[in-house]
Structure formats: C-alpha cells, structure tokens
Amino acid sequence: MIGGIDMDWAAFHVVEAMSMSKFAHKKIGYLAASLSFHDGTDVLLLITNQLRKDLGSNNEYESGLALECLSIIATPDLAQQLTPDVFSLLASGRVYVRSRASVVIFKLFTKYPDAVRIACKRLVEKLEDTDPKVLSATISVFCEMALKDPASCIPLAPEFYRLLTEPRDNWLLIKVVKIFGLLLPLEPRLSRKVAEPLCEIMRHTTAKSLLLECIRAVTVGLPDHGEGLKLAVQKLKELLMENDPNLKYLGLQALAALMPAHSWAVAENKSIIIRGLNDDDYNIQLASLQLILGMVSEDNLIDTVHVLLQYAERSEVSFCNEVIGSILTTCSRGVYELVSDFTWYTSILGRVSRIRDSAHGKEIERQFVDIGLRVKEVRPDLLAVARGILLDSTLLECPPLYRVLSAAAWIAGEYVEFSHNAIELIEALLQPRIRLLPPAIQAVYLHSVLKVFIYSAYTSLKGVYNEGLPAEQLFSEKDEESTPLSQHLLLIESEVKEVDKAGIVSEEQLEVNMTDDASMHSISIDSQKDIMEGPSLGSECEQFKRLFELIESNVGPMIEHSDVEVQERACNLLGLAKALKEALIISEGIPVFSQSSSMDNALEIVSFLRSVFGKELGPVSAFAQSRVAVPEGLVLMKNLDNLDGMFCDDEVKEKSLTPEFKTREWEVGPKSAESAPDTDSKHGESSSLLAQHRQRHGTYYLPVEKDITAENGYPPPQIVQQDIPSTSSAADDIMKLAEQSLTWSKPRQTKQRPVIVRLDDGDEDLILSSKVKRDAKDNLISSALKDVLVSGKGKPSMKFTSKEDGKSLFRSQQHDHNAVVEVNSNVSVNSEEATKKSGKRHGKHRHKTRSTSMSIKDTAGPCLNQSQGDSHNSHSGQKSRHKSRTPTAIIPQPDVIPDFLS
Amino acid sequence: MTIRFVLLVNKQGQTRLAQYYEYLTIEERRALEGEIVRKCLSRSDSQCSFIEHRNHKVVYRRYASLFFLVGVDGDENELAILEFIHCLVETMDRYFGNVCELDIMFHLEKAHFILEEMVMNGCVVEINKSNILTPIQLMDKNS
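If you're wondering where the values come from, they're calculated on a predicted model, not measured in any experiment.

Novice: Lay out the overall build of chain B with the relevant residues and their values.
Specialist: Summing up its helical and strand segments, chain B has five helices and seven strands in all. Mapped in sequence order, the helices and strands of chain B form the string β-β-α-β-β-β-α-α-α-β-β-α. Classification of the 143 residues of chain B by burial places 59% in the buried group. Considering only contacts within chain B whose residues lie at least 6 apart along the sequence, 49% involve residues at least 24 apart. In the structure as shown, chain B presents an accessible area of about 5800 Å², 47% of it carried by carbon and sulfur atoms.

Right under this line is the structure:
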C-alpha cells in the first residue's frame, strides 16, 4: 500500500518490474514489492526464484535490493527457502552485502527459527569482523536477540566485553551497553568486570545518548555498585539541569527507574522534580507526578498532597484530573495504609469534590462510603464534609460530581446522629434543585431524607417524653404495647426493606428482629445522649410543622416522578410523614400530647424505624458471594442468548403500552424488581400480557411453586434481558446477596491511627501477577540460539566442516529442513573435529579475502580498502586462535561465564 | 525490531511518506497515523520530542513544515533516534539540495531509496551520507 491506498491489484505488475534487467526499473519494482506485499499476497510464490537470482547477483546493489525486500516481506516459506542463500552472503567479501545480510538473517530467524541452527555460528563470527559497519549491524541483531531472550546471549559476553572496551563509534557502543543492561541482571558475576568500563564511558563520553544508555544499564545491572551508581546519579543530575525538555524527560524517566531501589537518588533531585510539575510539557508533568507520588510516605503524605493539590487547582483540566486520580489511588492504597489522619483525609476528599470537571466522581464516592464504613472515629468529620457538599447548591449543576453528591447524601442519612442540626440536612436534601439530578441519585436523596427525618422525629419525641414522663414508665409502657403493634409494623418493615435494597449505596443489612425489645431498649438509651437539652413543647411543635411542610411541598411533586424508584420512595416518605402528622398534630397545629395513646403510637413507629436504620453497616468481603450456597434448583450458568428473540417481540408491545416505561433506566437489578408490583397495579393490561408471555416462554421461568420468591426478589421478565448484558448490575446483585453472609474480622489497632475495618480476606490484592508470555516463535528462536551458542559454539557442525560452498548442500536439503536439523543435532562432541575446524577456518578466511579484493576490482574502490583486506588477512590467524580458546572454556560448564571474565 | 515505522507528515497532518517495518493493515495504519499525528501536531517546540501512544513510543522532530516521526520499541534509545532523524534529514538535504515537502512529494521513490539505504529490518545500517547516496547517484547517472 502506498499513500494509504491498497495496491494489491498491481501485485503482478510489481513482480514483472522486479524481473526487469535494468537496475532502475528493478529497483522501483522492489520498492513497490516491499511497500505493498504482505503475508497474504499470492504472487509471493512467484518471486522466490527472482529473489534467489538477485541475491546471488554479481552486482552488490542488486543483492542489496533483494536483501532489503526480503527483510520486509519475508514469510516462513520464503525464509526457509532463502536461508542458505543469505547464509552464503554472510561470507560475502563486500561490506555492503555482508552488513545487510547479517540484518536480514535476523528477520529470517524470526520467521523460520530453524535458520538459527544454520546461520547463527557465522553470525557470531561476524562479531569479529573488521568492518565497523558489519559489526554494527551484527550487534544490532544480537541486541534484538538479547531483548527477546537475554539468557541465550550470555555465552557471548566475552565478545561483547571486547567490543565495549575497544574504542568504537557511539552507535555500536549504545547497542553493546544495552546488551549488557540486559545481561547484567541475569549474570551478577559480569558486573565486576563490566562496571569499570561502563564508568569509564560515563566519565568521558560527550554523547548524551550513550550516557543515557549507560545510566540505564547501571540502574538495572549494577544496583550494588556504589561508585557506578553515584556517578550515574551525578550524570543524571547534570542531564536534569539542562534546559532541554528531551533530556529532562528522559532524566525523569531514568530517575523513576532508580526509584524503587535507590530512593535517595530521587530525594536528591527533589527540587527539580517539583519544578517539573510546572513544566509546559504534559509528559514531564506526568513523569514528575509519578516520581513525587512514588516518594510519598506516611510522614510526608500531608505536605505532598497539599502541594499537589495546589498545583492541580491551578493547572488545566486533564493534568488536574491526573493529579487527583493519583492522589486518590495513592492514599487508598493498601486500605489507606498511608493515611494516619482521617480527619485530614476527609477534608481533602471534600476539597477534591469541589473541583468541577472532575473525572473521579465515582472514585470519590467510593472512598467516602468506604471510609465511612471502615473508620468509625472519622464519621463525625465525614458528616461535616458531606453537609458542606450538600449545602453547596452550585454543585448540583456539575454532572461529573453527581456521584459525589450521592455519597454525601448517603453519609448524611447514615451518620445523622453526629449532626447538630438535622433539619438543616433535610432542607439541603430537599432543596428544589435536586430535580436536576438523575433519578438514581434522587432516590438516594429521598432515602436519606427518610433516615434523617426519622432520626430527628425520634429525638424530638424522646425529648418531649422525657420531660413529661419518667423514663422507666415510658419503657414499661412500651414493652406492653410493642407486641400487638409489631404485627402492624411488619408491613412497614417489608416496605422499608424494599426501599433499602434498591439504594445504590445502601448495603444495609436488615436483620431486624421485630420482637427484640432488648435492642429497642438499648437504642433508645443510646440515643438519649443525643437528645437536645430542654426542648419545649412549642418549639418541638414548630419544628415538626416545618418538617412536615418541607416534606409535603418538596416530596409531594415527586409522587408523579417518571422513575419508579423515586416515585416509590417519595410515596413511602410522604405516607410516613402524613401518618406521623395525624398522630401528633391536629389541624390547627395544637399538639395532641394529652392523648398519650396516639403519641405512643407515633413514638412506637418512629423508634421502630429508628432501630431499622440504627444497625451499623460494614464493608462486604469481595469473596462473600462464594460463601453463599447456591439454592437448589437455581440454574446460574445457563446461556440466555436465545432470549434475544423474545426481547424483540416484547419491545413492540412495550412501546404501544407504556411510552414512559421505555425511558426508564434499569440500572440495578433489585431496583427493577420493585417495578413488578408497580407496573402491575398501574397497568392492569400489562399483567395479562405478562401471563401470556409466561405461557409462551414458559421454559425460561422458574417453576410455579417458586413464584413467590420470583415476585419478591427476581426481576420481571421484561427486565431480564436488559440485565443480562450489564455485568455491573450482576456485581451489584452479588453484593446484595453477599450481605447475608457478611463477616469481617475484628478491627485491628495499629499505631495511633483510627481503626480501619479490614475484611479477613476481602482486601487481598486481586491483581494477578502479569507475566509476559513470549510467543512460541520467540521461544523457538531462543532455544535454538541457546543450543547453538551454549553447546555447539565451539564445535563445528557438519555443514560448516564439510562445505566450502554450503550453498549447493543447502539446496539439496532445503526441501526437508528437518534433515538439516537432524544433521545438526547429530554432530558428535569430538575434539578432533574441533581441531579440524580451525584449519577449515583458515581456508574460509582466505577465501573471504580473495573475494574482497575481487570486489574492490569490481567497483574500482579506493585503495584504502586494499589495506583493509590485508589487515583482515593477518588478523584471521589470531582470530581463529582466540576463537578456539574461548569455546573450550565454555563447553565443560555451559552456564558459567568463561574464565576470561573472572 | 527497533524502528517500527518512519512517517513524514506535513503541518496539516497529511502523510507524505510512510514506511513500516512491521505489517499493519491499511485501516490500522490509518488509525495509528491519525492518532499519532494529531498528538504530535498539538505539541509545541518547548515540549519534549517523545510521545507514548499505546504500545508505541514515537520520537519526532520538526523541520520547517515537515514532521519526521519514528515509532520505536520501548527499549530504544530516544536520543539515538533523534540523531538518526537528523542524519536522514541531512542526507535528503544533500541529495535534493535544501529539501522541502515538494521534493518528497514528487520524488517519493528517491526518498524511499534513501530510507532503504539507512534502515533495514528496523535496524540502522548506514549513517554515512556519501555511502547512503552512492547507489542512488549511481542509478541516476545510468538512467
């Protein structure tokens, strides 16, 4: 494809152009091929011979063309067929071809791992090539291999070391240093040897790229080498001081790599890092932020967060969100292990929730509720923060913060006993603008109003009672009356239960035992503390009147709300308010305290409801669900895909029946459960339709005897299909079920921190260790490489010894590459052969030099090359001697670094 | 594979040259180019020349109206790649004589040839300017 246009249609013309004799045409053809061919191109089959011909061409540029093309379009087949040709080019006398062939051979390795066995040894020889270009290309290849599997390259460490210590150009050194960076963690013994040259390079090099590479290698490879580290950190500091954003960014990244093991290095550069927060560059800001948060400890958390928040509030939205997100995750890490002052942390949460455009409403909501559940001591502060949030009516205009508001409302309802002014809370919760909120959150608000209302009614009534009657009398009276009344209240209880279940945040455990008078006692005694001092009848009455008015005027309109949930809760609330009003106040507003029986009734209702909400909530273990036995006969694993069809024909009816029904959000499973009776009563029609529907699709329903439970807890059929795809609602269901088996360990006291409730197993990290899996092909390459380098390095394989012109042999073998492998593995560990090999080596090198001089004649190159050829010749003797020495050190103990290093 | 792709993009975000060293379908390339180029163009000179995009690291450099973008492996040395980009630009400069966007548009194959001489299978194989240009000039002479 060229310029983003598919040119597969021209594939055949490309092949034609490739086979043209004129070089310029051929070159265009090859360019087109390398740009447009891919594994799926069918004409690839046609070009094998063309490639082979050009690879073997006398013109080095033609070979270069073919190599270039092959490096991009190689397929496993092409690789298998052309490996021998490329292999022979590795020995070519021309630098141009040799350097490119060594790069291409790596591509062939990846496509056809068996090529490693054939060509790897010669590639290793290329590490001793006299030409820097060939060396550079070969090192690049080994660098790639080391990236894939460092262990397999360890036997070559002596060669790399030699390259590291000889003066070379920076490109080569970068690669060598990178290889050592990969090898050092695997082979600690290398560090003794390598540390000095690395330090030397760091001291003297002027190239920043090389310096950076050395710093990286030292970071991962020499974590215990004091001098090297010190030098690296010092150089890093110099990089950070430069005004170049590139160097600053890379320096910060290098610091981040140093951070886990050497936090002192980060601490030294603290001022630079903090300045990085103000940088123009988002990347640098982020890097600084990560570093700062990485350095956070219990002692400096408060300061750090304050500094960060100041930056956040001043910076632009995306970075601000980034900062807040990382503050939230850092502070909540390990169940708030860093936070020791929760009053402070709740105030931070409150501050963070005022930031408009926040993308973390959900997380803030979670943490608010979580802290409320886990940390008892902080609840009064939490309530104060929540009150602030609720009173700030401007927040009602920020959709991103709706989740925070819902958390605040929940806290207000749940921990209302810590408030000094419940009326104010109700006013805040019922301000007219809450209609701007989504229905789900309005529902939370209404539920909280119910809780606060009951609390305030209870305390006031208690106050009145205490004035009039002695406490013992009150309780004895109640004891007598409670039994008949409890029957009546059962109804209310079930209502309340439904309301509770549906709340998004409310994870209430409603195990309220109606007849448990003892609990009632304890609660009433508890709450005596909260009762306001000396309430006068008149002010109580006024307060009630105001409350009722407030509720009637604001909750009243919600009775006709389009969302079932809100509607239901509004009805409940209003009903309760009316009942209490009748019991307490006659129409002119004169309290009916004289009629103690109605007064008692009111108190009974209120204190019962109070006891319902008085139960403390706790966090639920993530594994709680697994402790619940699946009821017999309940099929959970059944595939419900085929319900789709059923859903379609329902939809038509829904549309014609209830237009508003469609617009509702069925967010949570149990919430929708409540709609079943509701819809049934509202639309008589729909119940008959439901019956029809059941008849038609009876298989999907539970048996009739379970209908009772189905009506109580399971969503009606229309909702079933909508619930299935959303996993979140499923998770919610699990949470609800899990409440039944809620267990958590006793609070643990740590230091002076408040107790944070932890679950026995629920807070264990669920993060799976992310293990990088190498694909099968890489494994093949590295295993082949290991075979060749570790066991076979010094030993000549048959191919190398027997073939001067390996090409023809490979031709005969190529159709059965297994044969090649077999030959390879059958090589005997024979020392005689090893000696034989060195002789052959000489021959090979001589051959090589001959061809070099030939190529010089061909291209009429400068005579400089001639002398190079000579030196090459004289080198070869030494080289093979050196070569035969190193392998002998390796063979007896394959996994040990040659004595050369020790 | 150290270098995954080389892109030349103008200030308007139009791709003038694209060379990939790993296979991506046309749709993938289009999406990748679109996202990366948008990110690069929005950055100012005072910001660093590296962006991270999904699993790619992109090193870019701006020359007049042309952006040179090189996508590399995570382990690659960014500064070395910046050197490489500079070398590429200098080579093009020498060949075209003060290279501009039009040169690359109308001699796309020449630009590809230069790149081909420098990079092979994602590895930088040649950085000597005269060595890079020798085969191309030889070809020009003969045709």
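After that view of the structure, there is still more to cover.
Novice: I'd love a proper account of the sheet that holds strand β5 (residues 66-72) of chain B, names of residues and values included.
Specialist: Within a sheet, adjacent strands bond to each other through the backbone by hydrogen bonds, running parallel or antiparallel. Residue and element names in this part refer to chain B. Pairing is antiparallel in the open sheet, where five strands are placed in the order β2-β1-β5-β4-β3. Across the chains shown, the open sheet's two edge strands, defined by having one partner strand only, are β2 (15-20) and β3 (50-53). Shown here is a sheet whose adjacent strand axes are inclined to one another by a mean of 20°, direction ignored. In terms of strand pairing, strand β4 (residues 56-63) meets β5 through seven bridges, oriented antiparallel. Paired with K57 across the two strands is V72, which belongs to β5.

Novice: Could you give me a rundown of the pattern of salt bridges, with the residues and numbers involved?
Specialist: All names here are of chain A. On inspection of all chains with the given rule, the structure shows 39 salt bridges over all chains. A salt bridge links R203 to E227; the nearest nitrogen and oxygen atoms lie 2.9 Å apart. With R203 in helix α11 (residues 189-204) and E227 in helix α13 (residues 226-241), the pair connects residues that are 24 residues apart, well separated along the chain. For R203, a relative accessible area of 34% corresponds to the partly exposed category.

Novice: Pulling in residues and values, what's your account of helix α12 (residues 208-221) of chain A?
Specialist: When the terminal C-alpha atoms of α12(A) are compared, their 19 Å separation across 14 residues agrees well with the 20 Å that a helix rising 1.5 Å per residue should span. Along α12(A), the residues that are buried comprise S209(A), L210(A), L211(A), L212(A), E213(A), C214(A), I215(A), A217(A), V218(A), T219(A) and G221(A). Buried positions along α12(A) lie against α10 (170-183), α11, α13 and α14 (245-258) of chain A together with α2 (78-97) of chain B.

Novice: A description of the interface of chain B and chain A should follow, citing residues and the corresponding values.
Specialist: At the interface, 50 residues of chain B touch 48 residues of chain A. In total, chain B and chain A occlude about 4300 Å² of area from one another, counting both sides; carbon and sulfur atoms represent 59% of this. There are six salt bridges connecting chain B and chain A. For E78(B), the salt bridge identified is with R216(A), shortest N-O distance 2.8 Å.

Novice: Tell me what's going on with the packing of helix α22 (residues 379-391) of chain A against helix α23 (residues 402-414) of chain A, and back it up with residues and numbers.
Specialist: Residues and elements named next belong to chain A. Across the interface, α22 lies against α23 with an axial gap of 9 Å and an inter-helix angle of 130°. Viewed along their axes, α22 and α23 adopt a mutual orientation that is oblique. Seen along the crossing, α22 lies across α23 with a hand that is left-handed. On the side of α22, the interface is formed by L382, L383, A386, I389 and L390, while α23 contributes V404, L405, A408, A409, I411 and A412.

Novice: An account of the pairing of β3(B) is needed here, citing residue identities and associated values.
Specialist: All names here are of chain B. The pairing of β3 with β4 spans four bridges and is antiparallel. Note on β4: the bridge partner recorded for E52 is K57. Linking two consecutive strands that pair antiparallel, namely β3 and β4, is a turn of two residues; a positive phi of about 45° is found at R54 within it.

Cut-offs and rules
- Residues numbered from 1 in each chain as written.
- Chains lettered and ligands numbered in written order.
- Predicted model: local features only at pLDDT ≥ 70, side-chain atom pairs only at ≥ 80, totals over all residues.
- Heavy atoms only, no water.
- Helix = DSSP H or I, 4+ residues; strand = E, 2+ residues; numbered from the N terminus.
- Buried < 20%, exposed > 50% of the residue type's maximum accessible area, 1.4 Å probe, protein only.
- Contact = heavy atoms within 4.5 Å.
- Areas by Shrake-Rupley, 256 points an atom, 1.4 Å probe, with all protein chains shown as cover.
- Pairing = 2+ DSSP bridges.
- Axes fitted to C-alpha atoms, helices over the stretch in contact; angles between N-to-C directions.
- Salt bridge = Lys/Arg side-chain N within 4 Å of Asp/Glu carboxyl O.
- Expected span 1.5 Å × (residues − 1).
- Buried area = accessible area lost by both parts, 1.4 Å probe.
- Parallel < 35°, antiparallel > 145°, perpendicular 65-115°, else oblique.
- Left-handed = near helix turned anticlockwise from the far one by under 90°.

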